Amino acid sequence: LIPEGEWYTRPAFIIPATGILPFGSIYIEIYFVLTSFWNYKFYYVYGFMGLVYVILSIVSVCVTIVAVYFLLNAENYHWQWVSFASSASTAVYVLIYSVYYFFFKTKMSGILQICFYFGYTGLLCAGLALMCGFMGWAGASIFVHRIYRNIKV
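Fair warning: this is a prediction, and the values are worked out from it, not measured in the lab. (Residues numbered from 1 in each chain as written. Predicted model: local features only at pLDDT ≥ 70, side-chain atom pairs only at ≥ 80, totals over all residues. Heavy atoms only, no water.)

K.L.:
Help me understand the packing of aromatic side chains, please; the structure alone is not making it clear to me.
P.N.:
Geometrically, a pair of aromatic rings is defined through the distance of the ring centres and the angle of the planes. In the structure shown here, the tally under the stated rule is 22 aromatic pairs. Judged by centre distance (6.2 Å) and plane angle (75°), the ring pair of tyrosine 31 and tyrosine 101 falls under edge-to-face. Of the two residues, tyrosine 31 is situated in helix H2 (residues 20-38) and tyrosine 101 in helix H4 (residues 80-105); the sequence distance between them amounts to 70 residues. In this structure tyrosine 31 comes out as partly exposed when scored by relative accessible area, which is 32%. (Phe/Tyr/Trp six-rings, centres within 6.5 Å; stacked < 30°, edge-to-face > 60°. Helix = DSSP H or I, 4+ residues; strand = E, 2+ residues; numbered from the N terminus. Buried < 20%, exposed > 50% of the residue type's maximum accessible area, 1.4 Å probe, protein only.)

As structure tokens, then:
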């Protein structure tokens, strides 16, 4: 049995809290990408988007490692899905921002435009969740194997 830990070691707190920092690192770039895609403006700073991707990768992995460390410190050994969901929760914040963007930044109306917008936004967020989730899980997996590789049983 896993002992009951502090409030900050529960997955119900860790998963939503760890998505905030990676979302904060891509917040401005998401605005420019959505503006170029939905308002038909040109997007030409692909180098900066590559840099933002690298920053997103680093922040996601580091935040997930900290979350897994909190779990392991609380004697909770179920870290695999929590590590995946911790990084993947960034996509939930992107989806929430996309809903805000739809209502306050675009002038779309009609059922076809709404379905088109939220369909493509849902696909974008699903891909982002899978990508970030895998990066977080891979980084946490390397971290856990490194800290436990010298333990002799």
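K.L.:
Quick question: what am I supposed to make of the pattern of salt bridges here?
P.N.:
Pairs may arise between side chains of opposite charge once their charged atoms sit close together. Per the counting criterion, the structure on display carries one salt bridge. Residue arginine 10 pairs with glutamate 4 through a salt bridge whose shortest N-O separation is 2.8 Å. Here arginine 10 falls in the partly exposed class, since its relative accessible area comes to 35%. (Salt bridge = Lys/Arg side-chain N within 4 Å of Asp/Glu carboxyl O.)

K.L.:
Could you clarify how one ought to interpret the side chain of serine 83 in this entry?
P.N.:
Within the secondary structure layout, serine 83 lies in helix H4. For serine 83, a relative accessible area of 1% translates into the label buried.

K.L.:
Would you take a moment to explain the environment of alanine 138 for this structure?
P.N.:
Structurally, alanine 138 can be placed in helix H5 (residues 111-148). The class of alanine 138 is partly exposed, set by a relative accessible area of 22%. Along the backbone, alanine 138 and glycine 24 are 114 residues apart, and their C-alpha atoms lie at a distance of 21 Å.

K.L.:
Quick question: what am I supposed to make of unusual backbone geometry here?
P.N.:
Peptide bonds are, in most cases, trans, and in most cases residues other than glycine have a negative phi. Residue glutamate 75 is not a glycine yet carries a positive backbone phi of 65°. With respect to the helices and strands, the residue glutamate 75 is situated in the loop between helix H3 (46-73) and H4.

K.L.:
I would appreciate a short explanation of the packing of H4 against H5 in the present structure.
P.N.:
Two numbers describe a pair of packed helices, the interaxial angle and the distance between the axes. One way to put it is that H4 packs onto H5 with a least axis distance of 7 Å and a crossing angle of 155°. Taken as axis vectors, H4 and H5 run roughly antiparallel relative to one another. Pair H4 / H5 crosses with right-handed handedness. A breakdown of the residues in the contact of H4 with H5 according to their chemical character gives 19 nonpolar, seven polar and no charged. (Axes fitted to C-alpha atoms, helices over the stretch in contact; angles between N-to-C directions. Parallel < 35°, antiparallel > 145°, perpendicular 65-115°, else oblique. Left-handed = near helix turned anticlockwise from the far one by under 90°. Nonpolar A, V, L, I, M, F, W, Y, C, P; charged D, E, K, R; others polar.)

K.L.:
Is there a simple way to think about the packing of helix H1 (residues 11-18) against H2 in this case?
P.N.:
As a packed pair, H1 and H2 sit with axes 5 Å apart at the nearest point and diverge in direction by 10°. If you check the angle between H1 and H2, you find them roughly parallel. Of the residues in H2, those touching H1 at Pro16, Ala17 and Thr18 are Ile20, Leu21 and Pro22. (Contact = heavy atoms within 4.5 Å.)

K.L.:
I keep staring at a nonpolar patch on the surface and nothing clicks. Help me out?
P.N.:
On the surface, Trp7, Tyr8, Phe13, Val66, Tyr69 and Phe70 cluster together to form a nonpolar patch covering roughly 600 Å² of accessible area. In terms of residues, the nonpolar patch owes the most to one element, H3, which gives three residues. Relative to the helices and strands, phenylalanine 13 is located in helix H1. (Patch = residues over 30% accessible without salt bridge, like charges linked within 9 Å, V, L, I, M, F, W, Y side chains within 5 Å. Areas by Shrake-Rupley, 256 points an atom, 1.4 Å probe, with all protein chains shown as cover.)

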